[in-house]
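What the coordinates show
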Amino acid sequence: MNDTDIMQLGIEEARKTMTENLGGPFGAVVVKDGEVISVASNHVLAHKDPTAHAEIEAIRNACQKLDTYDLSGCEIYATGYPCPMCLSAIMWANIRKVYVCGLPEDAEKIGFRDDFIYRFIRNKMQDKDTLEIIELDRTPAQKLYGEYASMKKVIY
């Protein structure tokens, strides 16, 4: 399969679920060594879950199928440029290559609002109208993190 064929799998999955009112027009495909591991689409409406984006769903499915949390060596194809949440999930999964066929401005034209989160991040998270982050005493977290480190647990 070439890149266009793989992307078409994501487009077809997105078209199916958007037509059924399960989610938006977004699909994603995880591939490893040329083999399709997972095909998913946006299920925000179906699951009533704002994190059920296509990329997240595809990553979850791929992790289950491969029995790992580390998708090193995998690539992801997405019908839209990943939102900040999905971009973070892709990076946490150790996926190093993302193919896209839609850009943020394309999604914004039909009402999707990823850019306000990118602006919030660019402004060093100082927009209290978007989200207020209040720092409390760091000591409890530092103690907890120290306990974890002393247990020699897996860092992921």
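Everything below is about the structure printed above this text.
Residues numbered from 1 in each chain as written. Predicted model: local features only at pLDDT ≥ 70, side-chain atom pairs only at ≥ 80, totals over all residues. Heavy atoms only, no water.

**Points about the packing of helix α3 (residues 54–66) against helix α4 (residues 84–92)**
For any two helices packed against each other, the geometry is given by the interaxial angle and the distance between the axes. As a packed pair, α3 and α4 sit with axes 9 Å apart at the nearest point and diverge in direction by 25 degrees. The angle between α3 and α4 places the two elements in the roughly parallel class. The way α3 lies across α4 gives a crossing that is left-handed. Counting all contacts with α3, which are made through Glu55, Ile56 and Ile59, the residues of α4 involved are Met85, Cys86, Ala89 and Ile90. Residue composition of the contact of α3 with α4, grouped by class: six nonpolar, no polar and one charged. (Axes fitted to C-alpha atoms, helices over the stretch in contact; angles between N-to-C directions. Helix = DSSP H or I, 4+ residues; strand = E, 2+ residues; numbered from the N terminus. Parallel < 35°, antiparallel > 145°, perpendicular 65-115°, else oblique. Left-handed = near helix turned anticlockwise from the far one by under 90°. Contact = heavy atoms within 4.5 Å. Nonpolar A, V, L, I, M, F, W, Y, C, P; charged D, E, K, R; others polar.)

**Considerations on the side chain of Glu13**
Within the secondary structure layout, Glu13 lies in helix α1 (residues 3–19). With relative accessibility at 19%, the residue Glu13 sits in the buried group. Ignoring sequence-local partners within four residues, the contact set of Glu13 consists of Val39, Ala40 and Ser41. (Buried < 20%, exposed > 50% of the residue type's maximum accessible area, 1.4 Å probe, protein only.)

**Notes on the pattern of salt bridges**
One pass over the structure, following the stated rule, counts two salt bridges. Put simply, Glu57 and Arg60 hold a salt bridge, and the shortest N to O gap is 3.3 Å. Here Glu57 and its partner Arg60 are both found in helix α3, three residues apart, which amounts to about one turn of the helix. Owing to a relative accessible area of 38%, Arg60 belongs among the partly exposed residues under this scheme. (Salt bridge = Lys/Arg side-chain N within 4 Å of Asp/Glu carboxyl O.)

**Here's the deal with the sheet that holds strand β1 (residues 27–32)**
Within the open sheet, the four strands sit side by side as β2-β1-β3-β4. Their pairing is mixed. Looking at which strands have only one partner, the edges of the open sheet turn out to be β2 (35–41) and β4 (97–100). Between one strand axis and the next, the sheet turns through 20 degrees on average, direction left out of account. Summarising the sheet, β1 and strand β3 (residues 74–78) pair through five bridges and their orientation is antiparallel. If you follow Lys32 over to β3, its bridge partner there is Cys74. (Pairing = 2+ DSSP bridges.)

**Quick word on the packing of aromatic side chains**
Evaluated as defined, the whole model comprises two aromatic pairs. For the pair Phe26 and Phe112, a centre-to-centre distance of 4.9 Å together with 85 degrees between the ring planes defines the contact as edge-to-face. Placement of the pair is Phe26 in the loop between α1 and β1 and Phe112 in the loop between α5 (104–108) and α6 (114–122), with a sequence separation of 86 residues. A residue is classified by how much of its surface remains accessible, and Phe112, at 33% relative accessible area, is partly exposed. (Phe/Tyr/Trp six-rings, centres within 6.5 Å; stacked < 30°, edge-to-face > 60°.)

**Digging into α4**
Of all the positions in α4, only Pro84, Cys86, Ala89 and Ile90 are classed as buried. Of the surrounding elements, those touching the buried residues of α4 are α3, β3, β4 and α6. The positive-phi residue at the C-terminal boundary of α4 is Asn94, with phi of around 65 degrees.

**Let's talk about the nonpolar core**
Judged by nonpolar contacts, the single largest core of 21 residues is most densely connected at Val30, Ile59, Leu71, Ile76 and Ile95. Every element with two or more residues in this core is listed here: β1, β2, α3, β3 and α4. Of the residues forming this core, the biggest block, six residues, is contributed by α3. If you look at the next biggest cluster of nonpolar residues, it comprises five residues, including Ile6, Met7, Val29 and Val31. (Core = buried A, V, L, I, M, F, W, Y, C linked by side-chain atoms within 4.5 Å.)

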